[in-house]
Amino acid sequence: QLQLVESGGGLVQPGGSLRLSCAASGITFSIYTMAWYRQAPGKQRELVAGITSGGSTNYADSVKGRFTISRDNAKNTVYLQTDSLKPEDTAVYYCYADHLRIISYWGQGTQVTVSS
């Protein structure tokens, strides 16, 4: 059974860091493009960062230079290192898996709150 399970969210002060993880099971992880999206209250879900099966990455302009996406195919896990966090980064962060836009999956989300 397919599962994407996020972890690592929490409450952090502005300027702080968190490392989000998404562990996948039930899929051939290495062939999937993986991504992190986020949704703040009252706003649409937006792409934060993505990484292809070949390791190419892309980032939203708002997080470039602060966030880093990576993957470990041996552990079926994708990570999002978030540094220099700002209050506007507060959102539920979702893991997303996609294969050639034919089949895709979402995780259940993990809350990130940036506040002093």
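Details of the structure are given in the entry above.
The sections below set out a description of the structure shown in this document. Just so we're clear, the structure is a prediction, and the values are computed from it rather than from any experiment.

1. Considering the overall build of the chain
Then step 1. Regarding its fold elements, the chain presents zero helices and 11 strands.
Then step 2. Counted from the first residue to the last, the chain has its helices and strands arranged as β-β-β-β-β-β-β-β-β-β-β.
Then step 3. Taken over the C-alpha trace, the chain has a radius of gyration of 13 Å; the compact-globule value for 116 residues is 13 Å, and the two agree within 12%.
Then step 4. If you line up the chain on its principal axes, its C-alpha atoms span 40 × 25 × 25 Å.
Then step 5. Of all 116 residues assigned to the chain, the portion counted as buried reaches 40%.
Then step 6. Intrachain contacts of the chain at a sequence separation of at least 6 include 53% that bridge at least 24 residues.
Then step 7. Put simply, the chain shows about 6,200 Å² of open surface, and 47% of that area lies on carbon and sulfur atoms.
Then step 8. Computed over 10 positive and 8 negative side-chain charges, the inter-centroid distance for the chain is 1 Å.

2. Observations concerning the state of the cysteines
Then step 1. One pass over the structure, following the stated rule, counts one disulfide.
Then step 2. Each sulfur of the disulfide joining Cys 22 and Cys 95 lies 2.1 Å from the other. Taking the sign of the S-S torsion, about -80 degrees here, the bridge from Cys 22 to Cys 95 comes out left-handed. Note that Cys 22 is positioned in strand S3 (residues 18-25) and Cys 95 in strand S9 (residues 91-99), a separation of 73 residues in sequence.
Then step 3. What makes Cys 22 buried here is its relative accessible area of 0%.

3. A word on the nonpolar core
Then step 1. Within the largest apolar cluster, 28 residues are counted, with the highest numbers of intra-cluster contacts made by Met 34, Trp 36, Val 48, Val 78, Leu 80 and Tyr 93.
Then step 2. Elements supplying a minimum of two residues to this core: S3, strand S4 (33-39), strand S5 (46-51), strand S7 (67-72), strand S8 (77-82), S9 and strand S11 (110-114).

Parameters and conventions
Residues numbered from 1 in each chain as written. Predicted model: local features only at pLDDT ≥ 70, side-chain atom pairs only at ≥ 80, totals over all residues. Heavy atoms only, no water. Helix = DSSP H or I, 4+ residues; strand = E, 2+ residues; numbered from the N terminus. Rg over C-alpha atoms; globule rule 2.2 N^0.38 Å. Buried < 20%, exposed > 50% of the residue type's maximum accessible area, 1.4 Å probe, protein only. Contact = heavy atoms within 4.5 Å. Areas by Shrake-Rupley, 256 points an atom, 1.4 Å probe, with all protein chains shown as cover. Lys, Arg positive; Asp, Glu negative; His and termini not counted. Charge placed at Lys NZ, Arg CZ, Asp CG, Glu CD. Disulfide = S-S within 2.5 Å. Core = buried A, V, L, I, M, F, W, Y, C linked by side-chain atoms within 4.5 Å.

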